[in-house]
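Observations on the model geometry
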Amino acid sequence: MLDNVKSVILVLSGKGGVGKSTVSTQLALTLKERGFKVGLLDIDLCGPSVPHILNLENENIHQGPDGWVPVYLDKEQRLGVMSIGFLLKSRNDAVVWRGPKKTAMIKQFLEDVYWQDLDFLVIDTPPGTSDEHITVMENLRQIPQCSAIIVTTPQEVAIEDVRKEITFCRKTGIPIFGIIENMSGYQCPTCNECTNIFSSGGGKSLAEISKLQFLGTIPIDPRVGKLAGQGLAAVKELPDSSTSKVFNDLVTAFAESIQNGS
């Protein structure tokens, strides 16, 4: 089912609560706004937040002749979404599974979803470096254009956990496209001034030490936070925001990477 996917983007972090789902959804929405056909796969089985962020919680997935049909955000079917959240009766339902069952579910998501032709498949992952990540890595080996975005926050405790994710990628052969520093200060919606409520520069420093590309800083912006649950792209609703600039630059970099075949 991944034969017709041109490029896969894994959104990873060794730390929970750094905003991987926000990065994943806004990246997918930005790609869609730029005219690409996109799939968004949420493999955070125990905390599937993508359906809520994209305002798709009441949607259902269906079995078609070629496999599971993803839920589409738009009538033109330029952004398809798959998540275990669509299989749960309520957002309060807990997925109480051991590793083998989680592995089987992720493998089914990767093999049995009929994405059709995609320019990009964005995969939102849970924190850590265990079963879910190994399953994804093993199933994506045949995809020539697969790379990872590492998400961190500025604090030292997050940086240390994220460093483990970099080691995981290098051990398993997953190319790392670069590092994003999320929650990098608080951006006032009134005066647009950004205040560093945490430490700053941790993501850039980690990128330099690890010899990786630094993809930018995303501040805590209440205006972007309000888009969660509406399925709206920051680049469209808040085109002049710092968040929009980072995602526009990121999509441009990915588009150039595909054109160059790297």
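This write-up is about the structure you can find in this document. None of these values were measured; they are calculated from a predicted model.

A look at the overall build of the chain
- The helix and strand inventory of the chain stands at 9 helices and 11 strands.
- Against the 2.2 N^0.38 benchmark of 18 Å for 262 residues, the chain shows a C-alpha radius of gyration of 17 Å, consistent with a compact globule.
- The principal-axis extents of the C-alpha atoms in the chain amount to approximately 50 × 40 × 40 Å.
- Across the chain, contacts joining residues at least 24 apart in sequence account for 77% of those joining residues at least 6 apart.
- About 12,100 Å² of surface is accessible on the chain, with carbon and sulfur atoms providing 47% of the total.
- Side chains of the chain carry 25 positive and 30 negative charges; the gap between the two charge centres is 2 Å.

So, the packing of helix 1 (residues 20-33) against helix 9 (residues 242-260)
- Relative orientation of the contacting elements helix 1 and helix 9 amounts to 65°, with a least axis distance of 10 Å. Helix 9 is crossed by helix 1, and the crossing has right-handed handedness. In this structure, helix 1 contributes Val23, Gln26, Leu27, Thr30 and Leu31 to the contact, and helix 9 contributes Phe247, Asn248, Leu250 and Val251.
- Classifying every residue of the contact of helix 1 with helix 9 gives 6 nonpolar, 3 polar and no charged.

Some details on the packing of aromatic side chains
- Tallying each qualifying case throughout the model produces 4 aromatic pairs.
- Note on phenylalanine 36 and phenylalanine 120: the rings are 5.2 Å apart at their centroids and 90° apart in plane angle, and the pair reads as edge-to-face. Of this pair, phenylalanine 36 sits in the loop between helix 1 and strand 2 (38-42) while phenylalanine 120 sits in strand 7 (residues 118-124), and the two are 84 residues apart along the sequence.
- Since its relative accessible area comes to 0%, phenylalanine 120 is described here as buried.
- One aromatic cluster is present, built from ring pairs that chain together Phe36, Phe120, Phe177 and Phe254.

Thoughts on the side chain of aspartate 44
- Among the structural elements, aspartate 44 can be located in the loop between strand 2 and helix 2 (50-53).
- Lacking a salt bridge, the buried aspartate 44 has lysine 20 as its closest oppositely charged neighbour, with an N-O distance of 6.0 Å.
- The contact partners of aspartate 44, leaving out residues within four places of it in the chain, are Asp124, Thr125 and Pro126.

Quick look at the pattern of salt bridges
- Taken as a whole and judged by the stated rule, the model has 9 salt bridges.
- One salt bridge in this structure joins lysine 102 and glutamate 132, with 3.0 Å as the shortest N-O distance. Of this pair, lysine 102 sits in helix 3 (residues 99-112) while glutamate 132 sits in helix 4 (residues 131-139), and the two are 30 residues apart along the sequence.
- We classify glutamate 132 as buried; its relative accessible area is 8%.
- Residue lysine 164 is joined to aspartate 161 by a salt bridge in which the shortest nitrogen-to-oxygen separation is 3.5 Å. Note that lysine 164 and aspartate 161 are positioned in helix 5 (residues 156-172) at a spacing of 3 residues, about one turn of the helix.
- Residue lysine 164 is classed as partly exposed on the basis of its relative accessible area of 49%.
- Here the salt bridges do not stand alone but share partners, grouping Lys15, Asp161 and Lys164 into one network.

What counts, and where the lines are drawn
- Residues numbered from 1 in each chain as written.
- Predicted model: local features only at pLDDT ≥ 70, side-chain atom pairs only at ≥ 80, totals over all residues.
- Heavy atoms only, no water.
- Helix = DSSP H or I, 4+ residues; strand = E, 2+ residues; numbered from the N terminus.
- Rg over C-alpha atoms; globule rule 2.2 N^0.38 Å.
- Contact = heavy atoms within 4.5 Å.
- Areas by Shrake-Rupley, 256 points an atom, 1.4 Å probe, with all protein chains shown as cover.
- Lys, Arg positive; Asp, Glu negative; His and termini not counted.
- Charge placed at Lys NZ, Arg CZ, Asp CG, Glu CD.
- Axes fitted to C-alpha atoms, helices over the stretch in contact; angles between N-to-C directions.
- Left-handed = near helix turned anticlockwise from the far one by under 90°.
- Nonpolar A, V, L, I, M, F, W, Y, C, P; charged D, E, K, R; others polar.
- Phe/Tyr/Trp six-rings, centres within 6.5 Å; stacked < 30°, edge-to-face > 60°.
- Buried < 20%, exposed > 50% of the residue type's maximum accessible area, 1.4 Å probe, protein only.
- Salt bridge = Lys/Arg side-chain N within 4 Å of Asp/Glu carboxyl O.

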